[in-house]
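# Observations on the three-dimensional arrangement
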Amino acid sequence: MLGLDKKDTSLLILVAILTMLAPFILNPFPASSGMAQFNAGYPDLMQRFVIFGIFAIGFNILFGLTGYLSFGHAAFIGVGSYAAMWMFKLVGMNVLPALALSIVMSGLFAVVIGYVSLRRSGIYFSILTLAFAMMSYALAYSVLATDMDGPDKQGLLQKGLTGGETGLQLTLQDPRILGQQSTVDGNLPVPSLFGLEMRSSTELAMGDWVFTFSTGYYFCAVVMLLAFYLSIRIFRSPFGMMLRAIKSNQQRINYTGLNAKPYMLAAFVISGMYAGLAGGLMAAMDPLAGPERMFWTASGEVVLMTILGGVGTLIGPVLGAGLIKYMENILSKINADILHTWFAFLPDGLEDFVVSMVYPFIGKGWHLTLGLMFMAVVIFLPGGLVEAGQRISRLLKGRKVQDGAKKSTTEPAE
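Attention in this report is confined to the structure presented alongside it. Worth saying up front: this structure is predicted, and the values here are computed from it rather than measured.

Here the focus is the pattern of salt bridges. Side chains that differ in charge, positive against negative, can pair when their charged atoms come close. Overall, the coordinates contain seven salt bridges when judged by the stated rule. For Asp 8, the salt bridge identified is with Arg 236, shortest N-O distance 2.8 Å. Taken together, the residues Asp 8 in helix α1 (residues 6-20) and Arg 236 in helix α7 (residues 215-236) connect sequence positions 228 residues apart. A residue is classified by how much of its surface remains accessible, and Asp 8, at 3% relative accessible area, is buried. Ionic pairing is found between Asp 174 and Arg 176, a salt bridge with its closest N-O pair at 3.3 Å. Each member of the pair, Asp 174 as well as Arg 176, carries the same accessibility label: buried.

Dropping the structure here:
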């Protein structure tokens, strides 16, 4: 189906089902339950899951297939966000043209960075991409935020091209030549898809459960499924095989007379376009673009996502992105008062001791838990969450085979 074999088709269908049913899957506990704080089925967080999933999928095309580790991919997220915001300010609030411009601009930016960075390999390539990302951050934070010609009549360049520290935001003075400058009540318009607002949502109440179905989330989810499908086609294509050969032994590729540089540049550009698409979706869900999206920590985050999920696997980066964003938004909100509620059944002295031992690993200390998980994955599960799932599956299958063998020795054949 769709040019995929049976295994890849099953994987795509599984991801589609999980994505479409996410409001139910991510809300397992009723609102009145004490465990409701672990629910993650609200629109903002679900949007982050799929947007950063797209970011990680694109990064995996470069890192997973070629082995080239980029520490500057956050620059493309920033370029995509700024491109989408300028489309909203100048043309209109339709998200499709904004996403198209985000992909094009990030792709062009990736051509420039990739052409220079791919002249080196290994750690030198990684340092070059990091340098470009930090230069992009500096440009967005200060250089391009300076109004060199004075405020224009429309007020578009009062804070330069990027808005500086406060970021690029929508204003009522923006022209929006193909859309409305303001709503009927005088407020700023919101991103939409042919009139369907991204922030609109519908709630479904079922007993103590409340499920929220957001237009913005499902739009991002459809885009992620298309991006995931495209990544499968890239992985299974001759182009993907060539990238694997480069990762395996680039010197041997050169000995055959093939020039590997165009393939690596193409992979770098495709990966950058994925990141630009993620940046455009961020701006579409929340009309704001700031330089912090280009900072080096954002580039490091996608590396963690890919490694935790499984480098070179199809679904691994999506799982890694979901895990980190879940910890960042759910685990980080657990405070000492909540812990005391959980361990209230213990004697007072023991309760305080247990809380004091657990608290450093949650709340503001959730990064410590993430670091320990990352160490465990690197040491014991090089294939990430995907390898963990495969081991569990093999273990269960092995038990079934053993049970079947036992039955066959005790029961007569028919």
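What follows is about unusual backbone geometry. Backbone geometry at Arg 176 places phi at a positive 45°, although glycine is not the residue there. Within the element layout of this structure, Arg 176 appears in the loop between β1 (168-169) and β2 (192-193). The class of Arg 176 is buried, set by a relative accessible area of 1%. The backbone of Phe 194 sits at a positive phi, close to 55°, despite the residue not being glycine. Here Phe 194 falls in the exposed class, since its relative accessible area comes to 69%.

On to helix α4 (residues 74-90). With 17 residues, α4 extends 25 Å between its outermost C-alpha atoms, agreeing within 8% with the 24 Å of an ideal straight helix rising 1.5 Å per residue. Burial runs high along α4: 16 of the 17 residues are buried.

Take the packing of helix α10 (residues 296-309) against helix α11 (residues 316-329) next. Each pair of packed helices can be described by the angle between their axes along with the distance between the axes. At a minimum axis separation of 7 Å, α10 and α11 run at an interaxial angle of 120°. The angle between α10 and α11 places the two elements in the oblique class. As for the relative orientation of α10 and α11, their crossing is right-handed in sense. Residues Glu 301, Leu 304, Met 305, Thr 306, Leu 308 and Gly 309 of α10 pack against Gly 316, Pro 317, Gly 320, Ala 321, Leu 323, Ile 324, Lys 325 and Glu 328 of α11.

Now for the nonpolar core. Nonpolar side chains tend to gather and get buried jointly when the protein is soluble and globular. Grouped together as the largest cluster of nonpolar side chains are 103 residues, with contacts concentrated most on Ile 54, Phe 88, Phe 228 and Leu 281. Residue contributions to this core peak at 15 residues, all from helix α3 (residues 43-66). Look past the residues within four positions of Leu 281 in its chain and what remains in contact with it is Ile 51, Ile 54, Leu 99, Phe 219, Cys 220 and Val 223.

Note that strand β4 (residues 201-206) and strand β5 (residues 209-214) share six bridges and pair antiparallel. Its bridge partner lying in β5, Glu 203 is registered against Thr 212. The hairpin turn running from β4 into β5, its antiparallel successor, is two residues long, and Gly 207 in that turn takes a positive phi close to 65°.

A few words on a nonpolar patch on the surface. Among the surface-exposed residues, Ile 13, Leu 14, Ile 17, Leu 18, Leu 21, Phe 24, Ile 25, Leu 204, Met 206 and Trp 209 lie close enough to one another that they form a single nonpolar patch of about 840 Å² accessible area. Within the residue set of the nonpolar patch, elements represented by two or more residues are α1, α2 (22-25) and β4. Here the nonpolar patch gets four residues from one element, more than from any other, and that element is α1. Of note, Leu 204 is situated in strand β4.

With respect to the helices and strands, the residue Pro 317 is situated in helix α11. Here Pro 317 falls in the buried class, since its relative accessible area comes to 0%. Excluding anything up to four places from it in sequence, Pro 317 contacts Ala 56, Ile 57, Asn 60, Met 305, Thr 306, Gly 309 and Gly 310.

Next up on the list: the layout of surface pockets. The calculated volume of the largest pocket comes to roughly 740 Å³. Taken together, 26 residues make up the lining of the largest pocket; nearest its centre are Arg 48, Phe 52, Met 282, Lys 325 and Glu 328. Mapped onto the lining of the largest pocket, the elements with two or more residues apiece are α3, α4, α9 (261-285), α10, α11 and α14 (366-380). For the lining of the largest pocket, the per-class residue count stands at 14 nonpolar, four polar and eight charged. Leu 18, Phe 49, Val 318, Leu 319 and Gly 322 are, among the 18 residues lining the second largest pocket, the residues nearest its centre. Counting only elements with at least two residues in the lining of the second largest pocket, the list comes to α1, α2, α3, α7 and α11. The leading source of residues in the lining of the second largest pocket is α11, at five residues. In the lining of the second largest pocket, the residues fall into 16 nonpolar, two polar and no charged.

Rules behind the numbers
- Residues numbered from 1 in each chain as written.
- Predicted model: local features only at pLDDT ≥ 70, side-chain atom pairs only at ≥ 80, totals over all residues.
- Heavy atoms only, no water.
- Salt bridge = Lys/Arg side-chain N within 4 Å of Asp/Glu carboxyl O.
- Helix = DSSP H or I, 4+ residues; strand = E, 2+ residues; numbered from the N terminus.
- Buried < 20%, exposed > 50% of the residue type's maximum accessible area, 1.4 Å probe, protein only.
- Expected span 1.5 Å × (residues − 1).
- Axes fitted to C-alpha atoms, helices over the stretch in contact; angles between N-to-C directions.
- Parallel < 35°, antiparallel > 145°, perpendicular 65-115°, else oblique.
- Left-handed = near helix turned anticlockwise from the far one by under 90°.
- Contact = heavy atoms within 4.5 Å.
- Core = buried A, V, L, I, M, F, W, Y, C linked by side-chain atoms within 4.5 Å.
- Pairing = 2+ DSSP bridges.
- Patch = residues over 30% accessible without salt bridge, like charges linked within 9 Å, V, L, I, M, F, W, Y side chains within 5 Å.
- Areas by Shrake-Rupley, 256 points an atom, 1.4 Å probe, with all protein chains shown as cover.
- 1 Å grid on protein atoms, 1.4 Å probe; cavity = no way out; pocket = protein on both sides within 12 Å on 5 of 7 lines; lining within 4 Å.
- Points joined across faces, edges and corners; volume = space filled by probe spheres on them.
- Nonpolar A, V, L, I, M, F, W, Y, C, P; charged D, E, K, R; others polar.

By themselves these figures say nothing about function.
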